[in-house]
Amino acid sequence: MTRKNLKNRQWVLSSRPQGMVSKDNFEFRESELDELKENQMLLKNLYFGFDPTQRGWLNDMKSYMPPVQIGEVMRSSTISQVIESNIPDFIEGDIVQGSFGWQEFAITDGKAGFMNASKIPDNIPPTASLSVYGVTGLTAYFGLLDVGEPKEGETVVISGAAGATGSVAGQIAKIKGCRVIGIAGGTKKCNWLTEEANFDAAIDYKSADLTETLRELCPNGIDLVFDNVGGEFLDTALTLINMNARIVLCGAISTYNNESPAPGPSNYMSLVIMRAKMEGFIVLDYLDRFPEAISSLSNWVEEGKITYLEDIQEGIENAPDTLVRLFTGQNFGKQLLKISDPD
Ligand SMILES: NC(=O)c1ccc[n+]([C@@H]2O[C@H](COP(=O)([O-])OP(=O)(O)OC[C@H]3O[C@@H](n4cnc5c(N)ncnc54)[C@H](OP(=O)(O)O)[C@@H]3O)[C@@H](O)[C@H]2O)c1
């Protein structure tokens, strides 16, 4: 590919969502590509990665990252190919991961958003760098092991269990000898958890009585909760925790599109009575330990102890609708969008 006459199609934020995010909050525009300067490279985006946290970046409020500004290209993780490079560390043809946003091309010095450009090793499928070895797999690893501290024989309950993060967290808990119960939406996801992902049991929260079923499946209580969902689930789980339980606050996707703040967990006194610990974390705080986690995760994948799914949609024009899939439960596995084939 030569860069002559290349146009860049991009999705920019056009308004801040009130309630559920939608395509109407973004504008699809075409722009010219600038000339490459010294220490810059031209990337062609091959895939976008989708994360529920992107919804939070659309709110004009203090968070662990600044909000995306109106008129700015939507921030996202990406897999890209180097088309031209004035940076010695990158050469034409390299496949890199980074965070270069919802656009076909990016001109960059390699530093961006929450993830600088880095080459994807040849021995892993490129998309795995955004799924099992990407933010979601790493979040499962550090959240479950470092924050949750699972012990053999304990009962672990995971919400959002069939998702990219939850499914890996549950399988790591199984590797550590725990009994693992997953909560997910729909029979297909629940069957996958017990038949493919080695969970001991799964509850379809859309059809079952969550409180009753969880009580039946956890007759000796819950030692570790890995919560991706928040809201009612967290309240229910708190009523069943054991002495010295750990509640890992990974996320609260059921609240991300709320128009007003969600009410706090009404059963929080269980934490006092059970001398339990409820702790949040952000995976980016573990950056220096990512190599350790990737090495363990890849061993477990090779040994068949961790399986993972990727849900790959196609076409840059579908980027906003693909983000919405995370909040409607349409995604089954790590949500990705294919933009282009490599040259
Ligand atoms: N702390 C960190 O550093 C960190 C890093 C990455 C991700 N996270 C958090 O991890 C969680 C999972 O993220 P992911 O990227 O792995 O996404 P994911 O689980 O692959 O996809 C999101 C899933 O959430 C479920 N969901 C959506 N709306 C829901 C609702 N109202 N009630 C219950 N479940 C709902 C859906 O599954 P069902 O079909 O089963 O409903 C959907 O498939 C999110 O809370 C995210 O913010 C935290």
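Since this is a predicted model, take the numbers as computed values, not measurements. (Residues numbered from 1 in each chain as written. Predicted model: local features only at pLDDT ≥ 70, side-chain atom pairs only at ≥ 80, totals over all residues.)

Trainee: Tell me what's going on with the overall build of the protein, and back it up with residues and numbers.
Mentor: Looking only at helices and strands, the protein features nine helices and 15 strands. Whereas a compact globule of 343 residues would reach a radius of gyration of roughly 20 Å, the protein reaches 21 Å, a difference of no more than 12%. If you line up the protein on its principal axes, its C-alpha atoms span 65 × 45 × 35 Å. By residue count, 43% of the 343 residues in the protein fall in the buried class. Of the contacts made within the protein by residues no fewer than 6 positions apart, 66% connect residues no fewer than 24 positions apart. (Helix = DSSP H or I, 4+ residues; strand = E, 2+ residues; numbered from the N terminus. Rg over C-alpha atoms; globule rule 2.2 N^0.38 Å. Buried ≥ 20, exposed ≤ 12 C-beta atoms within 10 Å, placed from the backbone. Contact = placed C-beta atoms within 7 Å.)

Trainee: So what's going on with the site of the ligand? Residues and values would help.
Mentor: Within the structure, the ligand sits among 29 residues, and Gly163, Thr165, Gly185, Gly251 and Gly329 are positioned closest to it. Of all the secondary-structure elements, those providing two or more residues to the shell around the ligand are helix H2 (135-147), helix H3 (164-175) and helix H9 (319-328). In terms of residue class, the shell around the ligand is made up of 13 nonpolar, 14 polar and two charged. (Near = placed C-beta within 6 Å. Nonpolar A, V, L, I, M, F, W, Y, C, P; charged D, E, K, R; others polar.)

Trainee: I'd like a description of the environment of Ala202, backed by residues and values.
Mentor: Among the structural elements, Ala202 can be located in strand S10 (residues 201-204). Its 26 C-beta neighbours within 10 Å are what place Ala202 among the buried residues. Considering only alpha carbons, one finds Ala202 and Glu232, 30 residues apart in sequence, at a separation of 17 Å. For Ala202, the contacting residues outside a window of four places in its chain are Ala161, Gly182, Ala184, Cys190, Leu193 and Thr194.

Trainee: Can you tell me about the packing of H2 against helix H8 (residues 290-302), naming the residues and giving the values?
Mentor: Between H2 and H8, whose axes approach to 10 Å, the crossing angle comes to 95°. With respect to each other, H2 and H8 are oriented roughly perpendicular. Counting all contacts with H2, which are made through Gly137, Leu138, Tyr141 and Phe142, the residues of H8 involved are Phe290, Ala293, Ser296 and Leu297. Of the residues belonging to the contact of H2 with H8, the class tally is six nonpolar, two polar and no charged. (Axes fitted to C-alpha atoms, helices over the stretch in contact; angles between N-to-C directions. Parallel < 35°, antiparallel > 145°, perpendicular 65-115°, else oblique.)

Trainee: An account of the domain arrangement of the protein is requested, with residue identities and associated values reported.
Mentor: Taken domain by domain, the protein consists of domain 1 (7-131 + 308-338) and domain 2 (135-285). Looking at the side of domain 1 that touches domain 2 residue by residue, the class counts come to eight nonpolar, seven polar and three charged. (Domains from an automatic or database assignment.)

Trainee: Hey, could you go over the nonpolar core for me, with residue numbers and the actual values?
Mentor: In this structure, Val157, Leu193, Ile222, Val225, Phe226 and Ala237 are the most contacted members of the largest nonpolar core, which totals 58 residues. Top element by residues in this core is H2. It accounts for six residues. If near-sequence neighbours (up to four positions away) are discounted, Ala237 is found in contact with Val157, Ile222 and Val225. In terms of nonpolar packing, the next biggest core, distinct from the first, is built from 21 residues, Leu46, Met74, Ile79 and Ala319 among them. (Core = buried A, V, L, I, M, F, W, Y, C linked by C-beta atoms within 7 Å.)

Trainee: Can you break down unusual backbone geometry residue by residue, with the values?
Mentor: Of note in the backbone geometry, Glu149 takes a positive phi value of approximately 45° without being a glycine. For Asn244, which is not glycine, the phi torsion reads 60° and is therefore positive. By the secondary structure assignment, Asn244 is in strand S12 (residues 241-249). Exposure remark for Asn244: the 10 C-beta atoms within 10 Å place this residue in the exposed category.

Trainee: An account of the environment of Asn331 is requested, with residue identities and associated values reported.
Mentor: You can see Asn331 is positioned in the loop between H9 and strand S15 (334-338). Residues Asn331 and Leu234, spaced 97 residues apart in sequence, show a C-alpha to C-alpha distance of 22 Å.

Trainee: For the sheet that holds strand S9 (residues 179-184), give the residues involved together with the corresponding values.
Mentor: Paired through backbone hydrogen bonds, the strands of a sheet run either parallel or antiparallel to each other. Here six strands make up an open sheet; going across it, the order is S10-S9-S8-S11-S12-S13 and the pairing parallel. Of all the strands in the sheet, the pair left with one neighbour each is S10 and strand S13 (277-280). Strand-to-strand twist of the sheet, defined as the mean angle between neighbouring strand axes without regard to direction, takes the value 15°. Pairing geometry for S12 and S13, over four bridges, is parallel. Directly across from Arg246, in S13, lies its bridge partner Lys277. (Pairing = 2+ DSSP bridges.)

Trainee: How would you summarise the pairing of S12 if you had to cite specific residues and measurements?
Mentor: Note that strand S11 (residues 222-227) and S12 share five bridges and pair parallel. Its bridge partner lying in S12, Asp227 is registered against Leu249. Assessed by its sense of winding, the connection that carries the chain from S11 through helix H6 (residues 231-238) to S12 is right-handed. (Right-handed = clockwise from strand over helix to strand, strands pointing away.)

Trainee: Could you give me a rundown of the packing of H2 against H3, with the residues and numbers involved?
Mentor: In a pair of packed helices, the angle between the axes and the distance between the axes together describe the arrangement. At a closest axis distance of 8 Å, the pairing of H2 and H3 adopts a crossing angle of 45°. Put simply, H2 runs oblique to H3. As for the relative orientation of H2 and H3, their crossing is right-handed in sense. Together, Thr136, Gly137, Thr139, Ala140, Tyr141, Gly143, Leu144 and Leu145 of H2 and Ala164, Thr165, Val168, Ala169, Ile172 and Ala173 of H3 make up the contact between the two elements. A class-by-class count of the residues in the contact of H2 with H3 yields nine nonpolar, five polar and no charged. (Left-handed = near helix turned anticlockwise from the far one by under 90°.)

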